[in-house]
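An overview of the molecular structure
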Amino acid sequence: MSNLRQGGQGEYALQGRVAVVTGGSNGIGAAAVKRLAAAGATVVVGYNAGRDRAEALAAGLPGSGHLALRLPMEDSAAIAAAAAIVRERFGKVDVLVNSAGVTRAVPHADLDALDDATFDRILITNVRGPFATVRAFAPLLRASGDSVVVNVSSLSGMTGLGSSIAYCASKGALDTMSLSLARVLAPETRVITVAPAAVATDFVPGRGREAVEKQAASTPLRTVAEPDDVALSILAAVTHLRLTTGSSIVVDGGRHL
């Protein structure tokens, strides 16, 4: 008897689905939270220090049952505790968006300025944190039977150009880790990375909108990427890329060309 799953299922409807978004209180994560809720999902807004923002965001979403929950990327025990709360409340997770991240602007040529503490913080938050989150939520993703993990990466992971060498390394690692996870979590779970270039947020300390606009002007599409542009790509990966896993979706206005 065949154990093949059947295709032709159409769009991945979000009504009745549970979505968890790390880094959900600000920037790309908050934009993804809004899009997922608008499409019908019940959303867990993960935060680290932005509790007030997360609670206000969750309270203002359409639908009901939304939850603000602390998901600090540097604390695996806290992540596991959060997963236990989600298990008790919802019993499953259909969508996991790993959007939490950190960086610091350090000139690539200034090797001494990139100290060990900064390097470790970036790698722990951007690589180990998403892994620990997937590890903690894997049973709930399997319980869905048809789930999606979207890891928010960066064009920096492919080009080696970005706010710091450590940040570029972290996103390259996230991309490779996503390939491994796509293999081991299949067939119940798809794993997709979304890789934007510079986005008009306050993510990079000291980088204003003028710098993002300057970068956008050098791309073929000459369009400034807003958080909602990336959120739409995340939503599309979840709802429409039904047979895509282990792939990276580049959202960069053609900057890589």
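Up top you'll find the structure we're talking about.
Note that the structure is predicted; figures quoted are calculated from it, not measured. Every chain is numbered independently, its residues counted from 1 as its sequence is written. Two thresholds apply to this predicted model, a pLDDT of at least 70 for residue-level local features and 80 or more for giving and counting side-chain atom pairs, whereas whole-chain, interface and lining totals are computed over all residues. Side-chain descriptors were evaluated using all non-hydrogen atoms of the structure, hydrogens and water having been removed beforehand.

**Regarding the pairing of strand S4 (residues 95-98)**
Along a regular strand, successive side chains alternate from one face of the sheet to the other. Classification of residues uses two cut-offs on accessible area relative to the type maximum, computed with a 1.4 Å probe and protein chains only: under 20% is buried, over 50% is exposed, and between them is partly exposed. Labels follow the DSSP assignment, with helices taken as runs of H or I lasting at least four residues and strands as runs of E lasting at least two, numbered in each case from the N terminus. Side chains of S4 alternate between two faces, with Val 95 and Val 97 and Leu 96 and Asn 98 buried alike. Paired strands are those between which DSSP finds at least two bridges. Bridge analysis of strand S1 (residues 18-22) against S4 gives four bridges, and the strand direction is parallel. By the bridge assignment for S4, Ala 19 is matched with Val 95. Note: S4 against strand S5 (residues 147-152), four bridges, orientation parallel. For Asn 98, the partnering residue across the bridge sits in S5 and is Asn 151. Crossover handedness is defined by viewing with both strands directed away from the observer: a clockwise path from the first strand over the helix to the second marks the crossover as right-handed. Remark: the S4/helix H4 (residues 116-144)/S5 crossover connection has right-handed handedness.

**Looking at the pattern of salt bridges**
In the sections that follow, a salt bridge refers to a side-chain nitrogen of Lys or Arg positioned within 4 Å of a carboxyl oxygen of Asp or Glu. Counted by the stated rule, this structure contains eight salt bridges. For Arg 17, the salt bridge goes to Asp 94, with nearest N and O atoms at 3.5 Å. Within this pair, whereas Arg 17 is found in the segment before S1, its partner Asp 94 is found in the loop between helix H3 (76-90) and S4, the two being separated by 77 residues in sequence. Like Asp 94, Arg 17 is buried. With a shortest N-O distance of 3.2 Å, Asp 146 and Arg 242 are connected by a salt bridge. Of this pair, Asp 146 sits in the loop between H4 and S5 while Arg 242 sits in the loop between helix H8 (227-239) and strand S7 (247-251), placing them 96 residues apart in sequence. Among the ionic contacts, a cluster of salt bridges with common partners joins Arg 5, Asp 146 and Arg 242.

**Side note on the packing of H3 against H4**
Contact pair H3 / H4: the axes reach a minimum separation of 9 Å and the direction vectors enclose 30°. Classed by the angle they form, the pair H3 and H4 counts as roughly parallel. In the crossing of H3 with H4, the sense of the turn from one axis to the other is right-handed. Taking contact as the criterion, the partners of Ser 76, Ile 79, Ala 80, Ala 82, Ala 83, Val 86 and Arg 87 in H3 are, on H4, Arg 128, Gly 129, Ala 132, Thr 133, Arg 135, Ala 136, Phe 137 and Leu 140. Amino acid classes used here: Ala, Val, Leu, Ile, Met, Phe, Trp, Tyr, Cys and Pro are nonpolar; Asp, Glu, Lys and Arg are charged; the rest, including Gly, are polar. Classifying every residue of the contact of H3 with H4 by side-chain character gives nine nonpolar, three polar and three charged. Orientation is described by lines fitted to C-alpha atoms, with helices fitted over the stretch in contact, and by angles between N-to-C directions that extend from 0 to 180 degrees. Roughly parallel here means an angle under 35 degrees, roughly antiparallel means over 145, roughly perpendicular means 65 to 115, and every remaining angle is called oblique. Take the far helix as your reference; a near helix turned counterclockwise from it by less than a right angle gives a left-handed crossing, and one turned clockwise gives a right-handed crossing. We call two residues in contact when some of their heavy atoms are within 4.5 Å.

**A look at the environment of Pro 220**
Among the structural elements, Pro 220 can be located in the loop between helix H7 (209-217) and H8. In sequence terms Pro 220 and Asp 94 are 126 residues apart; their C-alpha atoms lie 35 Å from each other. Here Pro 220 is in contact with Gly 253, Gly 254, Arg 255 and Leu 257, once residues within four sequence places are set aside.

**Comments concerning the side chain of Asn 126**
With respect to the helices and strands, Asn 126 occurs in helix H4. Assessed through its relative accessible area of 1%, Asn 126 is described here as buried. Under the rule applied, a polar contact is a pair of N or O atoms within 3.5 Å (in protein, one hydrogen donor and one hydrogen acceptor; residues adjacent in sequence only if both atoms are side-chain atoms). Looking at Asn 126, its side chain comes within polar contact range of the side chain of Ser 170, at 3.1 Å. Not counting residues within four places of it along the chain, the set of residues in contact with Asn 126 comprises Gly 101, Val 102, Tyr 167, Ser 170, Lys 171 and Leu 174.

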